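Take a look at the letters that make up each chain.
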Amino acid sequence: MSNSPQGRVTVVGSLNMDLVARTPRQPRPGETISGHGFKQVAGGKGGNQAVAAARLGAHVAMIGCIGDDSNGAILKSALEAEGIDCTALATSTSASTGVALIVVDDASQNSIVVVAGSNAEVSPADIAEQEALIASADVIVCQLETPVDTVRAALAAGRRLQRTTILNPAPAAHKLPIDWFPLIDYLIPNELEAATLSGVTINKPDDARRAAEMLKAKGARNVIVTLGSEGVFALLDDGTASLFQTQKVEAIDTTAAGDTFVGGFAAELARGSAVADAIAFGQRAAAIAVTREGAQPSIPHRHEISA
Ligand code: RIB
């Protein structure tokens, strides 16, 4: 883990209020089941990755949009409490803040329904307006919970300004347009997203390798596939392909584990660490996150990560 000065990370992405029910199992279609716990916590893939990058060692700025409501105010205060620069966080006058309905079962699996709300209003014009925040960052991080034109504009600005770009293609509903790939320095899908983007069903690390090869051939410089408890498969720019094993832990809630990995990886990369070290750092952070409940409350701080 690098002790060099903090790097700068700008996150373009979503903020959601997560409404989380704990249940014995996932409900079937049409079924009502009893939960045994409920919490309302700060989430959204963009917000989670921003908080992770900040707690794990970076100066962070967030480009996004909240509604003019109590959820938006809570989410903004949560980012500000982490020292995240929120000057580029817009407030919608018409849409309410994004929400996510999350069911976490006793096997620690989750299912999530996201209602985008104000996240749908982050526009390419916002990216143009906030170009200084892109130009001043070492690393730009995007996901797919804001409009696709906006994500593309952010990646293109990052490329033009010679910043390092990361796309966590989550959630991946369909394949990415081919002209996106050359804009991406680090494409970080989980196994489902890698399968959607590549068409390769992923059951074992060898499948992840095939998917990564296909995605790299489309033009992404590096492809890093997160495989949950199976580890992380990385196919890098220099041609190296490695499976990074994950520390075995007792998971109670995997929500935001991927976000913690992405934020930790981005923070470490922004400090100038080698890619392999940044991957290992992100893994150690994610291994802690899965032992805690909720999205942002589960994300560890840098001092908790062992060297
Ligand atoms: O990745 C986890 C996140 O996905 C949750 O916090 C929820 O808001 C959804 O965006």
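Rules used throughout
Residues numbered from 1 in each chain as written. Predicted model: local features only at pLDDT ≥ 70, side-chain atom pairs only at ≥ 80, totals over all residues. Heavy atoms only, no water. Phe/Tyr/Trp six-rings, centres within 6.5 Å; stacked < 30°, edge-to-face > 60°. Helix = DSSP H or I, 4+ residues; strand = E, 2+ residues; numbered from the N terminus. Pairing = 2+ DSSP bridges. Right-handed = clockwise from strand over helix to strand, strands pointing away. Salt bridge = Lys/Arg side-chain N within 4 Å of Asp/Glu carboxyl O. Buried < 20%, exposed > 50% of the residue type's maximum accessible area, 1.4 Å probe, protein only.

Asker: In this structure, what is going on with the packing of aromatic side chains? I would like to understand it.
Answerer: Remark: the centre distance and the inter-plane angle together describe each pair of aromatic rings, the angle taken between the planes. Under the counting rule described, the total for this entry stands at 2 aromatic pairs. Considering the side-chain rings of F261 and F265, the 6.1 Å spacing of their centres and the 15° angle between planes classify their relative orientation as stacked. Separated by 4 residues within a single helix, F261 and F265 lie in helix α8 (residues 257–270), roughly one turn from each other. Pairwise contacts between aromatic rings join Y186, F261 and F265 into one cluster.

Asker: I keep staring at the pairing of strand β9 (residues 164–167) and nothing clicks. Help me out?
Answerer: Each regular strand shows side chains that alternate between the opposite faces of the sheet. Where strand β8 (residues 139–142) meets β9, 4 bridges bridge the pair, whose relative direction is parallel. Looking across to β9, one finds that I140 is bridged to T165. Crossover β8 to β9 through helix α5 (residues 148–160) is right-handed. Where β9 and strand β10 (residues 186–187) come together, 2 bridges link them in parallel fashion. Paired with I166 across the two strands is Y186, which belongs to β10.

Asker: So what exactly am I meant to see when it comes to the pattern of salt bridges here?
Answerer: A pair can form between side chains of opposite charge whenever their charged atoms are brought close. Taken as a whole and judged by the stated rule, the model has 15 salt bridges. For R28, the salt bridge goes to E31, with nearest N and O atoms at 3.5 Å. With relative accessibility at 53%, the residue R28 sits in the exposed group. Since its relative accessible area comes to 29%, E31 is described here as partly exposed. When the shortest N-O distance is used, the salt bridge between E304 and R292 registers 2.4 Å. In this pair, E304 sits in the segment after α9 (275–289) while R292 sits in the segment after α9, placing the two residues 12 residues apart along the sequence. Each of R159, D185, R221 and D237 takes part in salt bridges that share partners, so that together they form one network.

Asker: In this structure, what is going on with the pairing of strand β7 (residues 110–115)? I would like to understand it.
Answerer: The pairing of strand β6 (residues 98–105) with β7 spans 6 bridges and is classified as antiparallel. Its bridge partner lying in β7, I102 is registered against I112. Counted along the chain from β6 to the antiparallel partner β7, the turn is 4 residues long, and its residue S108 has a positive phi close to 65°.

Asker: Explain the sheet that holds β10 here, please?
Answerer: The strands making up a sheet are joined through hydrogen bonds of the backbone, oriented either antiparallel or parallel. The 9 strands lie next to each other as β5-β4-β1-β8-β9-β10-β11-β12-β13, forming an open sheet whose pairing is mixed. If you trace the sheet from one side to the other, it starts and ends with β5 (89–92) and β13 (241–244), each paired once. With 4 bridges connecting them, strand β11 (residues 222–226) and strand β12 (residues 232–235) associate as antiparallel partners. Bridge assignment links V225 to a residue of β12, and that residue is F233.

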